[in-house]
Amino acid sequence: MSAPAAIEPRLLRSFVAVAEELHFTRAAARLYVAQQALSRDVRRLERELGAELFVRTTRQVTLTSDGERLLPYARRVLAAQDDLLAAFRQARPLLVDLNSPGLVTGRRVLHRARELAPDCELMARYESGLTGAAAELLSGRLDVSFGRYAGLDPALRSGLDHQPVRCEPMAVVLPEEHSLAALPEVPLAALAGETVYAGAGNPRTPEWTDLALHLFEGHGIRLAPPLPLAVGDEEFERIMAKTGNPILAVVDFPAMPRTVVRPLVAPVPLSPVSLVWRKGLVHPGLAALRRAATEIARTENWLRQPPDRWIPAIDIEVMRVHT
């Protein structure tokens, strides 16, 4: 018996059925195929192996010595294939990065996706920044994230795909005693002369710092210098309380002690948020996330841009290309 480069599992399955039934008609019925097709598969397998596997007479079918030698190997191959298919019929958990526990957009999309696909296991992770998550996405250690896709390095974007989800109105977090805290909304011009924290120096969130630099340009707003990287809400709040600097945020930013969140206006700056995944990923959980994002964006006008909006040109172009 010679060894071919590869054997189709279907041919092995046809061989095993005949070997176990010792009858071509019964084997064909067992596999739900025509007897002619089954005989054709067995003859092809014999040609590929260069060996006769059955002795056929008008009265009976018996295995040859080569057929008997092949049978245990064929059974093991088919059992391994069945195990593989069974493992992937139940999709593995999908790991979804929500950036931070307090942010609303990703969490709402995730919750709706779980409703749409209750049989999928969608597991939340918190990578704190799309740039930080991108390396995990590309390596396969993470599946989906949320964030400003246009702010990623082009080399990272080349391996990723995205779907625009929301244009989040931006805000500023102010200490309660700050002079602007009494305003219901803060005009961007009112921040002139202020030093505003926007994650400078954090290697996981440069896309956010880049958005801030675009926004601050020409308005006399200084970018706060890098601070110690704070892990966890308590440490972040402690560091921010020490500096007293306003913090650039979005309107849904979670409350912090002794601070207020005020929307920015004149213009209304928008933070573009996309659902981001590595190219080629196929998973029912990803399909559910995309459906959920589309549904919520449509019903709540998440992608609507007010007339007096501000958004970087590169983000507008990336969203235009996608749509």
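The following refers to the structure shown. Note that the structure is predicted; figures quoted are calculated from it, not measured.

What to know about the side chain of Glu46
Among the secondary structure elements, Glu46 is positioned in helix H3 (residues 35–49). At a separation of 3.5 Å, a polar atom in the side chain of Glu46 contacts the main-chain amide nitrogen of Phe54. Non-local contacts of Glu46, meaning those with residues more than four positions away in its chain, are made with Ala51, Glu52, Leu53, Phe54 and Arg56.

As for the pairing of strand E5 (residues 144–147)
Taking every second residue as pointing to the same face, both faces of E5 are buried, with Val144 and Phe146 on one and Ser145 and Gly147 on the other. With four bridges connecting them, E5 and strand E12 (residues 268–278) associate as antiparallel partners. Paired with Gly147 across the two strands is Ser274, which belongs to E12.

Details of the packing of aromatic side chains
Describing an aromatic ring pair means giving the distance of the ring centres and the angle of the ring planes. Going through the model one piece at a time under the given rule, you end up with two aromatic pairs. Look at Phe24 and Phe54: their rings are 6.1 Å apart centre to centre, the planes differ by 70°, and that puts the pair in the edge-to-face class. Residue Phe24 is found in helix H2 (residues 24–31), and its partner Phe54 is found in strand E1 (residues 54–56); the two are separated by 30 residues along the sequence. Taken individually, Phe24 and Phe54 each receive the classification buried, so the pair is uniform in this respect. Clustering of aromatic rings is evident, with ring pairs tying together Phe15, Phe24 and Phe54. We note Arg157 situated over the ring of Tyr149; from NZ or CZ to the ring centre the distance is 5.9 Å.

Regarding the pattern of salt bridges
Under the criterion given, the structure shown has 20 salt bridges. Of the charged contacts in the structure, one is a salt bridge between Glu46 and Arg56, with a shortest N-O distance of 3.2 Å. Of this pair, Glu46 sits in helix H3 while Arg56 sits in strand E1; the two residues are ten residues apart in sequence, bridging distant segments of the chain. A salt bridge links Arg148 to Asp315, with the nearest nitrogen and oxygen atoms 2.9 Å apart. With Arg148 in the loop between E5 and helix H7 (154–157) and Asp315 in helix H11 (residues 313–322), the pair connects residues that are 167 residues apart, well separated along the chain.

Here we look at the nonpolar core
By size, the foremost hydrophobic cluster in this structure holds 24 residues, and its most contacted members are Leu94, Val96, Val109, Val144, Phe146, Leu275 and Leu289. Broken down by secondary-structure element, the contributors of at least two residues to this core are strand E3 (94–97), helix H5 (104–116), E5, E12 and helix H10 (284–299). Broken down by element, this core gets its largest block of residues, seven residues, from H10. For Leu94, the residues in contact, after removing those within four places along its chain, are Glu121, Leu122, Met123, Asp143, Val144, Leu281, His283, Gly285, Leu286 and Leu289.

A look at H5
Taking 1.5 Å per residue as the helical rise, H5 with its 13 residues ought to reach 18 Å, and the 18 Å between its terminal C-alpha atoms agrees with that figure. For H5, the full list of buried residues reads Val104, Thr105, Gly106, Val109, Leu110 and Ala113. Residues of H5 that are buried in the fold lie against E3, strand E4 (122–125), E5, strand E6 (160–175), E12 and H10.

As for unusual backbone geometry
The omega angle of the peptide bond from Ala266 to Pro267 is 0°, so this bond is cis rather than trans. Relative to the assigned elements, Pro267 resides in the loop between strand E11 (259–265) and E12. For Asn301, which is not glycine, the phi dihedral falls at a positive 55°. Along the polypeptide, Asn301 turns up in the loop between H10 and strand E13 (309–310).

Focus on the packing of helix H1 (residues 9–21) against H3
Between H1 and H3, whose axes approach to 9 Å, the crossing angle comes to 110°. Considered as vectors, H1 and H3 are oriented roughly perpendicular to each other. The residues of H3 that touch H1, namely those facing Arg10, Leu11, Leu12, Ser14, Phe15 and Val18, are Leu38, Asp41, Val42, Arg44, Leu45 and Glu48. Looking at side-chain class alone, the contact of H1 with H3 contains seven nonpolar, one polar and four charged residues.

Conventions adopted
- Residues numbered from 1 in each chain as written.
- Predicted model: local features only at pLDDT ≥ 70, side-chain atom pairs only at ≥ 80, totals over all residues.
- Heavy atoms only, no water.
- Helix = DSSP H or I, 4+ residues; strand = E, 2+ residues; numbered from the N terminus.
- Polar contact = N/O pair within 3.5 Å; in protein donor to acceptor, adjacent residues only side chain to side chain.
- Contact = heavy atoms within 4.5 Å.
- Buried < 20%, exposed > 50% of the residue type's maximum accessible area, 1.4 Å probe, protein only.
- Pairing = 2+ DSSP bridges.
- Phe/Tyr/Trp six-rings, centres within 6.5 Å; stacked < 30°, edge-to-face > 60°.
- Lys NZ or Arg CZ within 6 Å of the ring centre and 35° of its normal.
- Salt bridge = Lys/Arg side-chain N within 4 Å of Asp/Glu carboxyl O.
- Core = buried A, V, L, I, M, F, W, Y, C linked by side-chain atoms within 4.5 Å.
- Expected span 1.5 Å × (residues − 1).
- Axes fitted to C-alpha atoms, helices over the stretch in contact; angles between N-to-C directions.
- Parallel < 35°, antiparallel > 145°, perpendicular 65-115°, else oblique.
- Nonpolar A, V, L, I, M, F, W, Y, C, P; charged D, E, K, R; others polar.

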